[in-house]
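Take a look at the letters that make up each chain.
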Amino acid sequence: MKLLIFNTKKLASAIKLEYVVLFGVTAVFLSSISSNTIACLDMFHEMALFREWVRSGIFPKDNPFSYTPSVYPVVHHEWGTGVLLYIATVWSGLGGTGLMVLKYVLTMFIAVSCYLLAKRDGTSMEIFLPLAFLATILGRIGFTTIRAQLLSLAFLAVLLYCMQEDRSGRRWWVALWLPVYVVWLNLHAGFLAGYGTFFLFVVERTVSTAVQQQSLRIAYRQVNHLLLVLVIMSVLVCANPYGFDYVTYLVHALSIDRTPFIMEWRPLWRLGEGIYPYFFLAVYCVYIAIAAYSLWHKDFYQYPGVLVLFVTAILALCQVRHLSIYCMVWVSFVPAYVQKTPLGDALRRLWNRQKKFLIAFWLIVGVLATIHAASNQFWKLCIPTVKQIGNKTNVLIYPVGPIAYLSSQKFCGNLMTHFNDGSYASWKLHPHVKVSMDSRFEVAYPYRLVVENFNFYNAERGWEKILCQYATDAVLVPHHTKLSEVIAGAVEKDKGILREDWVKTYIDDSYSLYIKRSLHSGLRFVDRRGEVLQGTFP
């Protein structure tokens, strides 16, 4: 017994606390993003665009995927992301594995970058790790599979590093940053976050230098190279396949209200249902409180990145899609602020005095989080086909069954699709099938058409007129929409208003498919209710 106690104490003393806490925090982070393995619907239209480019030999500026009215030119700001994803999944032959590898490589790059950024500002491990644990709670929202925003987070990490280099008096970063910036703006319009961050950095450097030196002239001399870089960045926005049309598109896109249709554009207090908005707001307030407490101890201009932190905090509160950007900025800058405060001293004392307890605590947390991540199969790409699997509710599902049916029946024509289903249909069925709508929103469609699509699937008054308005040959109907019940009655009841023109040809647990009676000849009815449908990629 004494030998066992001795060995246990010896083992505890041999284990380095920082490694155990690092394991625990990493496992919690992995666990928090492990449920987010559902394929992002946007990647299908991104890759479809590149495939069409390769097939036709001409870079598409129109909308070859849709039969409904489209804008021109179609400025697909994520076209470069489609190229990257196509190479990583299709050309590599790795499929979903390639996608997951790319996701976790990017995730690791972002996480390590945040630590190195904080460390270079003087943050110790005992301060960074607890705050990184806090940042994972809300920051996880940006680690999707894979949205272009994940790439934007990685590029933002590069920009923050360049900003650190400039504060250190080095200028070599300019040669690195400008080419990286051009790549970024061709991958995602999220480069605007980088442009805005750089602009705020220039303002912050100018103000802090002017305050410290008591001279605007000296401040200008120290930041004139930054002003030049900012001008060059403004010009380089046109370094893309669309030229100045990209700028026109950005102006238009920034003026659109997406909140009625897309949750991530809503304010933080409208994220989720029940207690979730209050929980998210509470965590957000903790972030604000820690940053405000740290800044209160010194003049703000002595802290690097404070202006970027302030603006991203406001943006994150107003629009959920900016939350991951704010969390990344927060965990990169705030630990260095906390380092110099009584709270930082308290964390260091806890670290030094409670090593055995912390080792045991973080080992348990790490093991449990790892088990949770493994149970979610964090390594496996998911293409769900039903809303409810056990206790898990899928926010996004794919029409795997009806799309496979149309493919097997060699269907050619125009397919009415919900906003969320069009891109998957285009990826699987183009060029034989064109869709009415997909998730490109203002990139490809007039705003009124998006409103019309949601009204149709919500079975708003006059929905049947929308059906007749375009040359629609088939209608894909998700069962979770109000239209499912309404159109079933209109087609299948004896006196249904659409009975003579439409016929149901397919049904499963999540979708129904209706085809024009004039095209129905030769198509057999298929009922796959109760079957477990498996989505495949690519």
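Here, the structure is the one placed above.
We now turn to the structure provided with this report.

Reading the values: rules and limits
- Residues numbered from 1 in each chain as written.
- Predicted model: local features only at pLDDT ≥ 70, side-chain atom pairs only at ≥ 80, totals over all residues.
- Heavy atoms only, no water.
- Helix = DSSP H or I, 4+ residues; strand = E, 2+ residues; numbered from the N terminus.
- Rg over C-alpha atoms; globule rule 2.2 N^0.38 Å.
- Buried < 20%, exposed > 50% of the residue type's maximum accessible area, 1.4 Å probe, protein only.
- Contact = heavy atoms within 4.5 Å.
- Areas by Shrake-Rupley, 256 points an atom, 1.4 Å probe, with all protein chains shown as cover.
- Lys, Arg positive; Asp, Glu negative; His and termini not counted.
- Charge placed at Lys NZ, Arg CZ, Asp CG, Glu CD.
- 1 Å grid on protein atoms, 1.4 Å probe; cavity = no way out; pocket = protein on both sides within 12 Å on 5 of 7 lines; lining within 4 Å.
- Points joined across faces, edges and corners; volume = space filled by probe spheres on them.
- Patch = residues over 30% accessible without salt bridge, like charges linked within 9 Å, V, L, I, M, F, W, Y side chains within 5 Å.
- Salt bridge = Lys/Arg side-chain N within 4 Å of Asp/Glu carboxyl O.
- Core = buried A, V, L, I, M, F, W, Y, C linked by side-chain atoms within 4.5 Å.
- Axes fitted to C-alpha atoms, helices over the stretch in contact; angles between N-to-C directions.
- Left-handed = near helix turned anticlockwise from the far one by under 90°.
- Parallel < 35°, antiparallel > 145°, perpendicular 65-115°, else oblique.
- Nonpolar A, V, L, I, M, F, W, Y, C, P; charged D, E, K, R; others polar.
- Pairing = 2+ DSSP bridges.
- Right-handed = clockwise from strand over helix to strand, strands pointing away.
- Polar contact = N/O pair within 3.5 Å; in protein donor to acceptor, adjacent residues only side chain to side chain.
- Expected span 1.5 Å × (residues − 1).

**Overview of the overall build of the protein chain**
- Within the protein chain one finds 21 helices and 8 strands.
- Taking 24 Å as the expected radius of gyration for a compact globule of 538 residues, we find that the protein chain reaches 26 Å, a close match to that expectation.
- Put simply, the protein chain has 538 residues, and 54% of those count as buried.
- Intrachain contacts of the protein chain at a sequence separation of at least 6 include 72% that bridge at least 24 residues.
- Accessible surface computed for the protein chain: about 24800 Å², of which carbon and sulfur atoms make up 63%.
- For the protein chain, the distance from the average site of its 49 positive side-chain charges to the average site of its 33 negative ones is 10 Å.

**Here's the deal with empty space enclosed by the protein**
- The full count for this structure, using the stated rule, is 1 cavity of 30 Å³ or more.
- Approximately 70 Å³ is the volume attributed to the largest cavity.
- Taken together, Thr 68, Met 416, Ser 436, Met 437, Leu 449, Glu 452, Asn 453, Phe 456, Ile 466 and Tyr 470 form the lining of the largest cavity.

**Structural notes on a nonpolar patch on the surface**
- A surface patch of nonpolar side chains, amounting to about 540 Å² of accessible area, comprises Phe 23, Leu 363, Ile 364, Val 367, Leu 368 and Ile 371.
- On the basis of relative accessible area, Ile 371 is assigned to the exposed category, the value being 53%.

**Here's the deal with helix H18 (residues 422–429)**
- Of all 8 residues in H18, 7 are buried; the element is thus mostly enclosed.
- Along H18, the residues classified as buried are Gly 422, Ser 423, Tyr 424, Ala 425, Ser 426, Trp 427 and Leu 429.
- Considering only its buried residues, H18 is in contact with helix H3 (42–56), helix H4 (79–91), helix H17 (400–408), strand E3 (413–416) and strand E4 (433–435).

**Some details on the nonpolar core**
- Trp 177, Phe 198, Trp 330, Tyr 398 and Val 475 are the most contacted members of the largest nonpolar core, which has 173 residues in total.
- Apart from the residues within four sequence positions on either side, Phe 198 is in contact with Leu 159, Trp 173, Leu 226, Val 229, Leu 230 and Met 233.

**Some details on the packing of helix H13 (residues 306–318) against helix H14 (residues 323–339)**
- Where H13 contacts H14, the two axes come as close as 9 Å, and the packing angle between them is 145 degrees. The handedness of the crossing between H13 and H14 is left-handed. Contacts from Val 306, Val 308, Leu 309, Thr 312, Ala 313 and Ala 316 of H13 reach H14 at Leu 323, Ile 325, Tyr 326, Val 329, Trp 330, Val 334 and Tyr 337.

**Side note on the packing of helix H6 (residues 125–139) against helix H15 (residues 342–353)**
- Across the interface, H6 lies against H15 with an axial gap of 9 Å and an inter-helix angle of 100 degrees. Comparing the axis directions of H6 and H15 gives the class roughly perpendicular. Judged by residue contacts, Met 125, Glu 126, Ile 127 and Leu 129 of H6 engage Gly 344, Leu 347, Arg 348 and Trp 351 from H15.
- Along the lines of polarity and charge, the residues of the contact of H6 with H15 split into 5 nonpolar, 1 polar and 2 charged.

**Observations concerning the pattern of salt bridges**
- Tallying each qualifying case throughout the model produces 14 salt bridges.
- Put simply, Glu 442 and Arg 258 hold a salt bridge, and the shortest N to O gap is 3.2 Å. Of this pair, Glu 442 sits in the loop between E4 and helix H19 (447–457) while Arg 258 sits in the loop between helix H11 (245–254) and helix H12 (276–295); the two residues are 184 residues apart in sequence, bridging distant segments of the chain.
- Residue Glu 531 pairs with Arg 528 through a salt bridge whose shortest N-O separation is 3.1 Å.
- Its relative accessible area of 38% is what places Glu 531 among the partly exposed residues.
- Classification of Arg 528 as partly exposed rests on a relative accessible area of 25%.

**Thoughts on the pairing of E3**
- By the bridge criterion, 3 bridges tie E3 to E4 in an arrangement that is parallel. The residue bridging Gly 413 from the neighbouring strand is Val 433, located in E4.
- Of the crossover connections in this fold, the one passing from E3 over H18 to the parallel E4 is right-handed.
- Two elements, E3 and strand E5 (residues 474–478), share 2 bridges in a ladder whose sense is parallel. Residue pairing across strands places Leu 415 opposite Ala 474, the latter belonging to E5.

**Brief notes about the pairing of E5**
- Of all the 5 residues making up E5, 5 are buried; the element is thus mostly covered by neighbouring parts of the structure.
- Bridge count for E5 against strand E7 (residues 511–516) is 5 bridges, and the pairing is antiparallel. Bridging from a neighbouring strand, Val 475 pairs with Tyr 514 of E7.

**Considerations on the sheet that holds strand E6 (residues 502–507)**
- On the basis of which strands lie adjacent, the open sheet formed by 6 strands has the order E4-E3-E5-E7-E6-E8 and mixed pairing. The open sheet has two edge strands, E4 and strand E8 (526–527), and neither has a second partner.
- Helix H21 (residues 483–492) rests against E5, E6 and E7 of the sheet, and its axis sits at about 135 degrees to E5.

**Section: the side chain of Thr 81**
- With respect to the helices, strands and loops of the structure, Thr 81 is situated in helix H4.
- Under the relative-accessibility criterion, Thr 81 is labelled buried at 0%.
- Within the structure, Thr 81 has its side chain in polar contact with the backbone oxygen of Leu 187 (distance 2.6 Å).
- Beyond its immediate sequence surroundings of up to four residues, Thr 81 is in contact with Glu 46, Ala 148, Leu 151, Asn 186 and Leu 187.

**Describing helix H2 (residues 17–34)**
- With 18 residues, H2 should cover 26 Å at 1.5 Å per step; its first-to-last C-alpha distance of 25 Å lies within 8% of that length.
- Buried residues belonging to H2 abut helix H5 (96–120), H6, H15 and helix H16 (355–375).

**Structural notes on the environment of Arg 258**
- Arg 258 gets classed as buried once you look at its relative accessible area, which sits at 8%.
- Between the alpha carbons of Arg 258 and Val 329 there is a distance of 25 Å; along the sequence they are 71 residues apart.
- With residues near it in sequence (within four places) discarded, Arg 258 still touches Ala 253, Trp 265, Phe 441 and Glu 442.
- For Arg 258, the side chain forms a polar contact with the side chain of Glu 442, separated by 3.2 Å.

**Focus: the environment of Gln 354**
- Looking at the secondary structure, you find Gln 354 in the loop between H15 and H16.
- The spatial distance from the C-alpha of Gln 354 to the C-alpha of Leu 17 is 9.9 Å, given a sequence separation of 337 residues.

**Describing unusual backbone geometry**
- The step from Tyr 72 to Pro 73 runs through a cis peptide bond, and the omega angle for that step is -5 degrees.
- In this structure, Pro 73 sits in the loop between H3 and H4.
- Geometrically, the link from His 430 to Pro 431 is a cis peptide bond, its omega value of 10 degrees lying close to zero.
- Positioned with a positive phi, Gln 377 is a non-glycine residue whose angle comes to about 50 degrees.
- Within the element layout of this structure, Gln 377 appears in the loop between H16 and strand E1 (388–389).
- One non-glycine residue, Lys 410, adopts positive backbone phi at about 55 degrees.
- Structurally, the position occupied by Lys 410 is in the loop between H17 and E3.
- By relative accessible area, Lys 410 is classed as exposed at 68%.

Functional significance is not addressed by these values, which are geometric in nature.
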